[in-house]
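A look at the structure
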Amino acid sequence: MASACLAHGRHPFYAPSVPELPDVAIYVERLSAHLVGQRVTAIRLPSPFLVRTFDPPLTATIGKQVRGFSRIGKRIVFELEEDLFLVLHLMIAGRLHLGDIGKKLPGRIGLLAIDFERSSLVLTEAGTKRRASLHVVRGRAALPAFARGGVEPFEVDEPTFVAALQRENRTVKRALCDPTIVSGVGNAYSDEILHRARLSPMQRTSNLTEEELSRLFDCTRVVLEEWLERLRREAGEGFPEKVTAFRPEMAVHGKYKQPCPVCGTAVQRIVYANNECNYCPRCQTEGKLLADRVLSRLLTKDFPRTIEDLEEIAAARGRPG
Ligand SMILES: [Zn+2]
C-alpha cells in the first residue's frame, strides 16, 4: 500500500534501475582492457532463460578470441572472432563481475559465467525476476536491430539533439528517458541532467525556449562526461563492482528530502508508474511542487502547491499539541 510505504518514509520505487550510459560505457572500457585477446574456454549457464536466441548457440563462442566490446544504448556488445557477437542487456539488476579463472557462479543469482584463458566473467541478477537478456548473433549486420533509435548524446550536434527531443511533444523527463529519443539515458541521469539545466522535469519539450534547449544539450553532455570521468577514476585498473543508480555524489536522484547541493532546498519527488523523479523545487520549478498521482490522491485538497506551503504544513504538523 502506498500509504504504508509513505509512513515508512521510503518509497518502493526507490528500486535499483537499469545501468545507464556512464556505467555501461565504463563496463565496456574495463571489459576491453581485461578481456580483449583472450579466448573463451568454457561457458557455464545454469538456466537457459537468459539466452534469447538459439542459432548460433552460446557454445559457438567456445574457442573464439575476443576482439572488442562496444555499447548499443544500454546494451553491451561482445565482439568475437568469426563474426560472432553477444549482446547483453543487464536490465535492472544484472551486474558483471570479473575474477580468476573458474570464479564461482553464485547460486540463485548467478546467471552465466564465461571462462576465458586468464579470467572468468560472471553475470548475476539480484531479485527474483529474470529480466537480463543475452542474444547471440552472427554478423555485424545483425547489430543495428538492437538500437532503439535515440540520438547518442556524444555523437550528435545540438540541432540533431533538439530535433529528436522535439519530434514528439513530451515532458522533458520522459523525452530524455525514452530510448527512441535519446540513447543511454534513464531515470537517474535524467534527474541529474534536468537539475543541472535548471529545468522542470514536467516541462513540455515543445515549450522549451531555444536557450533552454541549448542548455539542456550542454548539460546532458557535461553531466554524462562528469560521471564517465568519476566512474572511470573509481574503476581504475580494476573492474566496476559497485554499479548503482544511487550515488552519494548525485545532486537530486535518490535524494528525496535531502538538501539540494546548489540551494539547500529539500529535494522533492514525483511518483509515477514504476518510478519516481527527483527535482529541486527552487532550482527547477520556481518553487512549485509538481503534482503526483499517489501524493495527490493521499493529500487531496491540502496538496501543497509550493515549497512554502509544504514547509508550513510540515511546521504545523511538527508543532506539539
Ligand atoms: Zn536547488
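Look up a bit, the structure's there.
Below is a short write-up of the structure. (Residues numbered from 1 in each chain as written. Predicted model: local features only at pLDDT ≥ 70, side-chain atom pairs only at ≥ 80, totals over all residues. Heavy atoms only, no water.)

**Observations concerning the sheet that holds strand β8 (residues 133-138)**
If you trace the 4 strands from one edge of the open sheet to the other, you get β2-β3-β4-β8, paired in antiparallel fashion. Each end of this open sheet is capped by a strand with a single partner; those strands are β2 (66-72) and β8. Along the sheet, successive strands turn relative to each other by an average axial angle of 20 degrees, direction set aside. One ladder, built from 6 bridges, connects strand β4 (residues 84-89) with β8; its direction is antiparallel. Directly across from F85, in β8, lies its bridge partner V137. Where helix α2 (residues 21-35) meets the sheet, it contacts β2 and β3 (75-80), and its direction lies at approximately 175 degrees from that of β2. (Pairing = 2+ DSSP bridges. Helix = DSSP H or I, 4+ residues; strand = E, 2+ residues; numbered from the N terminus. Axes fitted to C-alpha atoms, helices over the stretch in contact; angles between N-to-C directions. Contact = heavy atoms within 4.5 Å.)

**Some remarks on helix α5 (residues 187-196)**
Working note: α-helix, 3.6 residues per turn, so residues spaced by three or four point in the same direction. Most of α5 is tucked away, with 9 of its 10 residues classed as buried. Two residues or fewer after α5 comes R198, characterised by a positive phi angle close to 55 degrees. (Buried < 20%, exposed > 50% of the residue type's maximum accessible area, 1.4 Å probe, protein only.)

**Here's the deal with the coordination of the zinc ion**
Binding of the zinc ion to the protein goes through C260 (SG), C263 (SG), C280 (SG) and C283 (SG), at separations of 2.2 to 2.4 Å. Every donor counted, the 4 donor atoms about the zinc ion form angles of 96 to 114 degrees at the centre, which fits tetrahedral coordination. As a motif over one chain, the donors of the zinc ion read C-x2-C-x16-C-x2-C. Taken together, the residues C260 in the loop between α6 (210-235) and β9 (268-272) and C283 in helix α7 (residues 281-284) connect sequence positions 23 residues apart. Comparing C260 with C283 shows no difference in burial state: the two are buried. (Donors = N, O, S within 2.8 Å, 3.2 Å for Na, K, Ca; no water. Tetrahedral: all angles 85-135°; square planar, octahedral: opposite > 155°, others 65-115°.)

**Considering helix α3 (residues 158-166)**
Listed as buried for α3 are F161, V162, A164 and L165. Summarising the axial view, the buried residues of α3 lie within an arc of 160 degrees, below the 170-degree limit, and thus occupy one face. Buried residues along α3 sit against α4 (172-177) and α6. (Arc of directions from axis to C-beta.)

**Comments concerning the environment of A291**
Mapped onto the elements of the fold, A291 is located in the loop between α7 and α8 (293-299). Residue A291 is classed as partly exposed on the basis of its relative accessible area, which comes to 44%. C-alpha separation for the pair A291 and R269, spaced 22 residues apart in sequence, amounts to 9.2 Å.

**Section: the nonpolar core**
Judged by nonpolar contacts, the single largest core of 34 residues is most densely connected at F161, L165, L176, V182, Y189 and L216. Those elements giving two or more residues to this core turn out to be α2, α3, α4, α5 and α6. It is α6 that provides the largest number of residues to this core, a total of 10 residues. Apart from residues no more than four positions distant in its own chain, L216 is found in contact with F161, L165, V172, L176, I193, L194, A197, L199 and L208. Core analysis: the next-biggest nonpolar cluster, separate from the first, contains 33 residues, A60, L88, L134 and V243 among them. (Core = buried A, V, L, I, M, F, W, Y, C linked by side-chain atoms within 4.5 Å.)

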